[in-house]
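# Structure assessment
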Amino acid sequence: MNAEVASVEERKQNLKGMGTSRRRVEDARFVQGKGNYVDDIKLPGMLFGDFVRSPYAHARIKSVNKEAALAVPGVKAVLTADDLKPVNLAWMPTLAGDVQMVLADGKVLFQGQEVAFVVADDRYAASDAAELVEVEYEELPVLVDPFKAMDADAPVLREDLEGKTEGAHGPRRHHNHIFTWEVGDQDGTERALADAEIVAKEKITYQRVHPCPLETAGCVASMDKVNGHLTLWGTFQAPHAVRTVASLISTIPEHKIRVISPDIGGGFGNKVGVYPGYICSVVASIVLGVPVKWIEDRIENLQSTAFARDYHMTGEISATRDGRITGLKCHVLADHGGFDACADPTKFPAGFFNICTGSYDIPVAHVSVDGVYTNKAPGGVAYRCSFRVTEASYFIERMMDVLARKLEMDPAELRIKNFIKKEQFPYTSALGWEYDSGDYHTAMEKALETVKYKALRDEQKANREAFARGETRSLVGVGVGFFTEIVGAGPIKNCDILGLGMFDSCEIRVHPTGSAIARLGTISQGQGHATTFAQILASEIGIPADQITVEEGDTDTAPYGLGTYGSRSTPVAGAATAMAGRKIKAKAQMIAAWLLEVHDDDVEFDVDRFVVKGAPERFKTMAEVAFAAYNNVPPGLEPGLEAVSYYDPPNMTYPFGAYVCVVDIDVDTGVTDIRRFYALDDCGTRINPMIIEGQVHGGLTEALAIAMGQEISYDEMGNVKGASLMDFFLPTAVETPVWETDFTVTPSPHHPIGAKGVGESPNVGGVSAFSNAVNDAFAHLGLTHTQMPHDHWRVWKTAERLGITA
Amino acid sequence: MIPGSFEYHRPESVDGAIALLNEHGDEARLLAGGHSLIPMMKLRMAVPSHIVDLQAIDSLHGISEEGGELVIGALTTQHEVLTSDLLAAKCPIIPEAAALIADPQVRYCGTIGGNVANGDPGNDMPAIMQALGARFRAVGPNGSRDIAARDYYEAAYFTELEENEVLTQIRIPTPAVGHGSAYEKQKRKIGDYATAAAAVILTVESGRCISASIALTNVASTPLYAEAAAGALVGTDLGADAVDTAVRLAEEITEPTSDGRGPADFRTHVAGIMVRRAIARAQKNAG
Amino acid sequence: MSKMHVKMNVNGAEVEGLAEPRTLLIHFLREQLSLTGPHIGCETSHCGACTVDLNGKSVKSCTVFVAQSNGAEVTTIEGIANADGTLHALQEAFREHHGLQCGFCTPGMITRAYRLLQENPNPSEEEIRYGISGNLCRCTGYQNIVKAIQAASDELNASKEAAQ
């Protein structure tokens with residue numbers, strides 16, 4: 001491109017900045033099989049670790065005999081809790097302020113719990129030896145039902161907490177009680193409910209599910225005993241936090257630990273936490289002096305590595321007869337499993353569940369959450385959502401439909417009637433959040449118009465009449481869902497994890513020839529950061545995105561950041577990128593002015609250059625300025641062109657969207673066909689529309705899986721049922737429908753580029769849209785709510801209960 | 001998930017395979033496509049110390065018609081079955097069912113012999129073979145014998161096949177020209193076993209059902225040959241009463257377990273729906 | 001347990017090695033041959049991340065013993081590119097149509113699609129969805145994968161026509 005004659009449009013196109021569907025730079029390696037995932041790492045002398053796991057959900061460990069295992073050729077060590085105690089690592093802190101056994105210490109609390117760690121030359125020998133570790137168990141009474149957790153005679157799960165009446169989040173009132181968390185105006189809410197013309201009440205369970213990324217969790221730990229340096233590669237969504245935690249619990253100084261997240265095969269919240277496999281690999285590498293790799297298999301992943309949801313919600317919503325909501329109350333019983341290992345900001349043991357007033361102007365509300373221990377795997381991670389936000393969104397969106405039935409009002413109309421209005425933003429909700437921006441009415445109207453909502457309802461009416469006449473055995477359901485996400489954690493004043501404020505960061509170096517490198521505290525697991533962050537920067541500093549390298553995931557080189565989850569990368573690290581870019585631009589402006597021999601204020605930025613105001617033929621391109629930064633800067637200015645920004649956002653961002661789902665249900669088989677799914681997302685400023693659309697497709701597919709089939713369930717003995725991909729529902733291309741996407745744009749007023757984050761919206765908004773559609777199909781028969789997942793048998797049972805099965 | 005160690009054998013003849021089975025007794029397992037056995041071995045639910053891989057035995061491959069019988073070699077893959085012109089023309093229910101088994105990769109490996117032989121109640125071909133009146137040829141140290149598919153299954157993973165026998169062929173009386181057939185299978189997703197499935201084969205003349213056979217998949221510890229249900233159709237015009245009776249009789253013999261696919265009563269109900277739909281479709285494509 | 005001598009042709013090159021018969025083909029490829037393109041996702045033959053082409057068929061290499069594949073011809077994602085080193089039409093199309101996100105399923109997905117297009121050069125959308133139903137993706141929702149395979153099919157057919 002000739003810098004002299006190129007038009008503004010040509011110069012903008014050349015940058016491939018924000019708003020461009022730029023092809024992803026990551027893909028060249030992935031399509032050739034040249035990605036570098038943790039299991040691809042091979043180091044000289046590397047050993048392989050494998051776990052012995054508990055077959056019981058609750059049992060005392062009488063003895064562990066390692067002899068036969070140690071006799072297997074190639075076996076180097078078998079670690080148990082007793083081996084970890086001298087180094088103080090038999091237990092580890094969780095992100096939720098609890099402690100968790102690394103290896104079973106005296107007892108096991110869930111099926112699949114780690115009991116011993118076998119280290120051998122390769123995974124075959126390790127597996128053979130793990131079979132031979134003899135563990136003698138004494139079975140204990142098992143607690144599976146969270147509703148019985150706080151019964152007086154419930155078995156004591158956590159003997160280590162015996163007598164502890166104060167937990168990490170306040171008083172504990174029972175030996176299986178973790179915390180009670182409350183927010184809102186209880187008296188006011190009770191009054192609103194008591195005085196209401198209409199109150200709708202419902203029990204809504206969001207079943208236990210699992211993020212199940214295609215790559216399981218794993219790591220390689222390598223302790224260099226000569227200089228005391230530990231390098232840890234792993235599937236970490238928050239590598240810097242892992243380094244700090246590793247330092248705190250191992251007492252290795254933080255500067256001697258290097259944590260690297262290589263390519264990650266999907267995370268979805270599954271890879272935020274710290275798992276026993278990481279600790280055991282580190283210990284084994286320290287003990288044996290060689291690198292140790294641990295990669296879990298799929299069954300281990302589903303059984304033990306961080307579940308999501310398991311929220312049992314009871315809601316009451318009150319309204320006037322004409323459909324104006326007057327109050328909302330919710331109680332949650334949260335099943336946290338054997339240890340509280342939720343990955344929430346410290347002050348929020350129930351995450352941001354108090355976003356459960358949703359998109360509606362609800363005058364008064366109250367929420368209380370009781371967390372309890374059961375004999376199940378620990379977790380409670382944010383599976384493709386901000387902390388507990390899908391639970392909240394599912395709750396309010398189901399409650400809105402339940403209320404609509406009671407009012408005999410169209411569910412879309414009820415929503416529109418109660419939306420927070422555009423002019424009310426910034427809006428402070430009854431449960432304390434300040435919504436930054438929104439235009440819900442416009443989004444909903446566009447959605448309803450596009451899907452021809454009225455015609456769908458007419459068709460449904462005809463279908464119901466035909467069904468009643470016996471002319472069809474299929475029912476049409478129309479699900480309307482509207483969600484407000486809360487993402488981008490978050491302001492340090494509210495949000496920290498283990499005391500680490502949830503800022504994020506970007507460091508930029510512009511090279512003399514006008515190309516650049518940007519390093520961030522986040523880590524992509526498929527979101528395409530290397531592509532999109534370069535686009536933000538291209539628009540900010542006028543260097544083509546193709547000439548900007550984006551690097552993340554190596555704690556030795558990247559600035560500190562809290563990582564990627566909760567849709568926080570664009571809201572926080574994206575903002576840091578823009579802010580660091582602006583620092584670059586400010587210095588570049590001084591250099592440009594110097595080169596153009598005018599005052600700083602007399603030049604202005606124009607796409608990829610600085611021009612003299614009023615004399616556009618006089619300019620210096622960013623590339624020229626970059627070179628000058630290394631040889632010809634104004635007197636008193638340091639050479640070089642670098643900047644770093646640590647961005648503490650003033651607020652969260654609040655993406656929203658309107659979804660419509662149309663289903664056809666075969667009442668004889670319970671089979672639900674997704675006829676149509678329309679998703680309108682408003683994520684503020686759109687950086688790369690192609691990537692946004694891809695994120696929406698993926699999130700909707702995960703929502704489909706959750707709503708229609710996913711479940712981690714337990715039998716009464718605490719055995720996990722169906723922990724493999726035979727049973728755990730991941731839809732294939734055949735079960736997945738074609739997705740229709742759409743958008744509106746309401747920029748975030750406080751974000752430097754107005755972006756809000758989108759990766760998790762489709763999951764947060766999608767689940768309730770599917771569920772509402774299934775419930776809606778039966779609404780005329782009096783159904784208000786039926787539990788997820790809406791798999792064939794549950795749907796058929798619903799039809800049976802309603803008396804319409806043959 | 002790592003399988004235990006074993007010694008590997010790749011005989012080139014059926015006799016060679018039988019000799020290995022004789023030598024190693026219950027420590028040996030036959031390996032065809034491996035997609036049932038290998039996952040079991042990875043879970044260490046099966047730990048054979050000898051694996052006898054049948055892939056090099058040429059005589060076990062292929063599909064042909066011999067004197068009124070369709071003969072399918074045990075090592076014929078589901079993919080080959082699915083793409084066989086001969087079967088498409090003479091016995092379309094077999095490729096129809098193959099298309100509903102697992103996924104493309106598994107069908108390239110999975111064999112029809114393995115599917116019928118191992119006695120997994122989730123497999124689809126056993127019920128198809130019962131409906132078709134197929135016989136399985138078993139070759140052992142004392143020669144060969146044929147076992148009717150309807151007599152072959154004793155319980156889950158227990159069959160009439162002796163430890164030292166190899167199931168070499170499936171022999172199916174070529175169905176009458178103009179017969180109608182259908183396999184209806186409900187499953188949760190691609191790759192799943194049936195919640196319930198039904199195979200129906202009919203011959204119809206001038207609107208009257210001349211012969212019928214029905215068999216069910218995955219609603220008991222073995223495939224179920226629903227003789228009484230089929231009997232209720234023969235001689236009728238396949239009207240509502242006859243179909244209702246057949247459905248009821250089929251439902252009556254089911255004994256499904258409750259699992260992730262649903263509780264037992266649901267699976268019995270689905271079996272009935274599958275029978276009903278398979279009858280309707282078989283009737284439609286008869287003639 | 002004793003090891004066996006294994007020989008096969010992988011991506012056009014004759015390779016050999018010593019391995020226990022129980023070694024799964026995926027481990028032999030990844031660990032002995034350092035072909036880390038195919039991945040391990042589920043280990044129960046459901047996800048297809050380990051898909052390779054074995055004697056002209058797509059197989060899940062986590063459910064094949066190396067002993068079974070002794071003497072076989074294997075193609076992995078590393079062997080899919082054109083002879084002149086340029087990317088295969090499928091690889092290009094996956095990039096162009098955003099047919100991947102985390103990239104973990106991609107090698108298996110492309111290797112499967114490669115065989116699908118050999119068998120059916122003009123697949124409909126439905127045939128593509130059915131044809132890749134042995135490969136799970138957690139990121140894309142398949143829509144752009146389907147689009148990419150359609151585009152590659154068009155591209156391959158066009159270049160075939162041009163060559164004639």
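None of the values given here were measured: they were computed from a predicted structure. Residue numbers here run from 1 along each chain, matching the order of that chain's written sequence. As they are written, the chains are lettered A onward and the ligands numbered 1 onward, keeping that order. Thresholds applied to this predicted model are a pLDDT of at least 70 for local features of residues and 80 or more for the giving and counting of side-chain atom pairs; totals over whole chains, interfaces and linings are not thresholded and use all residues. In computing side-chain properties, one takes all heavy atoms of the structure into account and sets aside hydrogens as well as water.

What follows covers the interface of chain A and chain C. The contact criterion used throughout is that any non-hydrogen atoms of two residues lie within 4.5 Å. Taken together, the contacts link 53 residues of chain A with 50 residues of chain C. Buried area counts how much accessible surface, traced with a 1.4 Å probe, disappears from two parts once they are put together, with both parts' losses summed. Across the chain A to chain C interface the summed buried area is about 4400 Å²; carbon plus sulfur atoms make up 53%. On the chain A side of the contact with chain C, A:Val31, A:Tyr124 and A:Leu214 bury the most area, a combined 18% of that side's loss. Put simply, C:Arg30 and A:Asp40 hold a salt bridge, and the shortest N to O gap is 2.7 Å. Definition of a polar contact: a pair of N or O atoms within 3.5 Å, with one able to donate and the other able to accept a hydrogen when the atoms are protein atoms, and with sequence-neighbouring residues admitted only if both atoms are side-chain atoms. At the surface where chain A touches chain C, the tally comes to 24 residue pairs in polar contact (both at pLDDT 80 or more). In DSSP terms, a helix is any run of H or I states spanning at least four residues, a strand is any run of E spanning at least two, and both are numbered starting from the N terminus. For the side of chain A that touches chain C, the secondary-structure elements that each account for two or more residues are helix H2 (27–30), helix H5 (123–132) and helix H17 (689–708) of chain A. Criterion for a salt bridge: a side-chain nitrogen of Lys or Arg within 4 Å of a carboxyl oxygen of Asp or Glu.

Below, the discussion takes up the sheet that holds strand S33 (residues 656–666) of chain A. Residues and elements named next belong to chain A. At least two DSSP bridges between two strands are needed for those strands to be called paired. The strand order S23-S33-S34-S37 describes an open sheet built from four strands, whose pairing is mixed. One side of each edge strand has no neighbouring strand; the edge strands of this open sheet are strand S23 (474–484) and strand S37 (739–743). In this sheet, neighbouring strand axes are inclined to one another by 15° on average, regardless of whether the strands run parallel or antiparallel. Strand direction decides the pairing type here: S23 and S33, joined by 11 bridges, are antiparallel. Looking at the pairing, Val 480 lines up with Val 660 of S33. Inter-axis angles, ranging from 0 to 180 degrees, are taken between N-to-C directions of lines fitted to C-alpha atoms, where helices are fitted over the stretch in contact.

What follows concerns the layout of surface pockets. Residue and element names in this part refer to chain A. Think of a 1 Å grid over the protein atoms and nothing else: a 1.4 Å probe that fits but is trapped marks a cavity, an open set flanked by protein within 12 Å on at least five of seven lines marks a pocket, and residues with an atom within 4 Å of a point count as lining. Grid points are joined across faces, edges and corners, and a volume is the space filled by probe spheres set on the points. Each pocket or cavity is described by its volume, and for the second largest pocket that value is around 1000 Å³. In terms of lining residues, the second largest pocket is bounded by 44 residues, among which Asp 50, Phe 51, Arg 53, Asp 297 and Glu 300 are the most central. Along the lines of polarity and charge, the residues of the lining of the second largest pocket split into 19 nonpolar, 10 polar and 15 charged. Gly falls in the polar group here, along with every residue not listed as nonpolar (Ala, Val, Leu, Ile, Met, Phe, Trp, Tyr, Cys, Pro) or charged (Asp, Glu, Lys, Arg).

The next thing to look at is the domain arrangement of chain C. All names here are of chain C. Reported domain spans reflect what an automatic or database domain assignment gives. What the domain assignment reports for chain C is domain 1 (4–79) and domain 2 (89–159). On a C-alpha basis, the centroid separation for the pair domain 1 and domain 2 is 21 Å. Tallying the contact residues gives 19 residues for domain 1 and 12 residues for domain 2. Counting each side, the surface lost to burial between domain 1 and domain 2 is near 1200 Å², with a carbon and sulfur contribution of 57%. Run the count over domain 1 and domain 2 and you get one salt bridge. Across the pair Arg 115 and Asp 53 runs a salt bridge whose closest N-O atoms are separated by 2.7 Å. Summed over the shared surface of domain 1 and domain 2, the number is eight residue pairs in polar contact (both at pLDDT 80 or more).

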